[in-house]
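Structural description and commentary
If you want the building blocks of each chain, they are given just below.
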Amino acid sequence: MTPIYLDHNATTRPLPEVVEAVVTAMQDDYGNPSSLHWAGQDAVRTVDTGRSQVSKLLNCRADEITFTSGATEANTMVLRGIVEHHVRAGAKLGDLHIVTSAIEHSSVLRTLEDLQQQGLRVTYVAAGWDGRVNARQIEAAIEKSTILVTVMLANNDTGVIQPLEDIARFAHLKKVPVHSDITQAVGKIWVHPKTLELDFASLSAHKFQGPRGVGALWMRNGVKLLPLLRGGKQELNMRAGTENVPAIAGMGVASEIMAMRLDNYTQHCEHLRLQLQNGLLAL
C-alpha cells in the first residue's frame, strides 16, 4: 500500500523546482557571498535573487528580509533582540514588559519563559472558545512599560487565524511594536506584513514546499533590533555567519511558485473543505 502523507502543517514536500534550485546552487554557487572574487559574487547574486523572490511573496521591500535558519530563530531574534535593545539603552529587565497569547508556538513561549526567569515581565492572553485571541484583551494588557506585542497569525494546531490587524492597530495607538509568527499562513493565504500593520514577521520555507532549515525575518524599515548572532556583516548586518546559499535559492523558488499558484490553491482548498464538510453532515 502506498502511504498518504497528511502532515503538511508540520512540513511539506519540496517542489521539484526547489530541489533543482538547491542542487544547482550547491554545484555552481559554491563561493562565499562575502568574497569579492567571481565565485563569491555569483553566490551574492543567488542570495539577492532569493531575497527578491521572498519579498514579492510578502509584497515588501527586499531589504526588509533577513534570512535565518527558520521561524524559530527569527522569533528568538525578535524577542531577545528587542529586549537587548532596551537594556543597552539603559532599561532594567524587570522594568520591561511583553504581551503575547497563551497559544503561541513553543519557540516564542519557551524564549519568553527564559527571559521571565531573568526578570522580564510577560502577560499571556488566553484564547476564547473559538480559538481566537480577543484584540481588546491584548489592548488592555498593554502597559507603559510594554516593549512588544507578539501574536501568531495562524495557529499551528488549530489553524485559527487571529485578528492581527485589530491587535496591531490597538498596539500602535500605544506606540508598541508588533511581531507575528506568520509561518503557518504563508503559502496557504496571502500574507502581507505591511497590510497587517506589523513591525516584525517570522516564516519558514519548509511550510510552503521549500527546503527545511531556512526561513526569514521581515522587519519594517526603521524598527530597532539588536542582532542575535554577532560576527560578520552578513544579512544586512542582522545575522552574522555565511549564508546558506542553496537553501536560500530553494526558498526563493518556492516563494516565486507560491505567488503564482496561491489564488488557485486557496480556491482548491476551499472546494475540498466544503466537500468534506458536506460529506460529514450527510452521514
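Note that the structure is predicted; figures quoted are calculated from it, not measured.

Some words on the side chain of Thr66
Its place among the elements puts Thr66 in strand 1 (residues 65–68). Judged by relative accessible area, Thr66 falls into the buried class, the value being 2%. Other than its neighbours up to four places away in sequence, Thr66 contacts Arg51, Met77, Gly215, Ala216, Leu217, Glu235, Met238 and Arg239.

Side note on helix 2 (residues 38–58)
If you check helix 2, its first and last C-alpha atoms are 30 Å apart, about what 21 residues at 1.5 Å a residue would give, namely 30 Å. All of the buried residues along helix 2 are Ala39, Gly40, Ala43, Thr46, Val47, Gly50, Arg51, Gln53, Val54, Ser55, Leu57 and Leu58. In this structure, the buried side of helix 2 is in contact with strand 1, strand 6 (200–204), strand 7 (215–219), helix 7 (234–237) and helix 8 (245–281). Among the residues trailing helix 2, Asn59 stands out with phi positive, at a value near 55 degrees.

Overview of the side chain of Asp199
Locating Asp199 in the fold gives a position in the loop between strand 5 (178–181) and strand 6. Polar contacts involving the side chain of Asp199 include one to the side chain of His172, which spans 2.7 Å. When near neighbours in sequence (up to four residues on either side) are disregarded, Asp199 contacts His172, Pro177, Val178, Trp218, Met219, Arg220 and Val223.

A few points about the pattern of salt bridges
Scanning the model with the defined rule gives 15 salt bridges in all. A salt bridge links Glu84 to Arg88, with the nearest nitrogen and oxygen atoms 3.1 Å apart. Placement of both Glu84 and Arg88 in helix 3 (residues 71–88) is noted, with a separation of 4 residues, approximately one turn of the helix. Look at Glu84 and you get partly exposed, because its relative accessible area is 23%. Through salt bridges with shared partners, one network takes in Glu84, Arg88 and Arg230.

Structural notes on the packing of aromatic side chains
Throughout the structure, instances matching the rule amount to 1 aromatic pair. Ring centres of Tyr30 and Trp38 lie 6.4 Å apart, and the angle between their planes is 85 degrees; on these two criteria the pair is classed as edge-to-face. Accessibility classification places Tyr30 together with Trp38 in one group, the exposed group. Between Arg169 and the ring centre of Phe170, over which it is positioned, the NZ or CZ distance is 5.2 Å.

Reading the values: rules and limits
Residues numbered from 1 in each chain as written. Predicted model: local features only at pLDDT ≥ 70, side-chain atom pairs only at ≥ 80, totals over all residues. Heavy atoms only, no water. Helix = DSSP H or I, 4+ residues; strand = E, 2+ residues; numbered from the N terminus. Buried < 20%, exposed > 50% of the residue type's maximum accessible area, 1.4 Å probe, protein only. Contact = heavy atoms within 4.5 Å. Expected span 1.5 Å × (residues − 1). Polar contact = N/O pair within 3.5 Å; in protein donor to acceptor, adjacent residues only side chain to side chain. Salt bridge = Lys/Arg side-chain N within 4 Å of Asp/Glu carboxyl O. Phe/Tyr/Trp six-rings, centres within 6.5 Å; stacked < 30°, edge-to-face > 60°. Lys NZ or Arg CZ within 6 Å of the ring centre and 35° of its normal.

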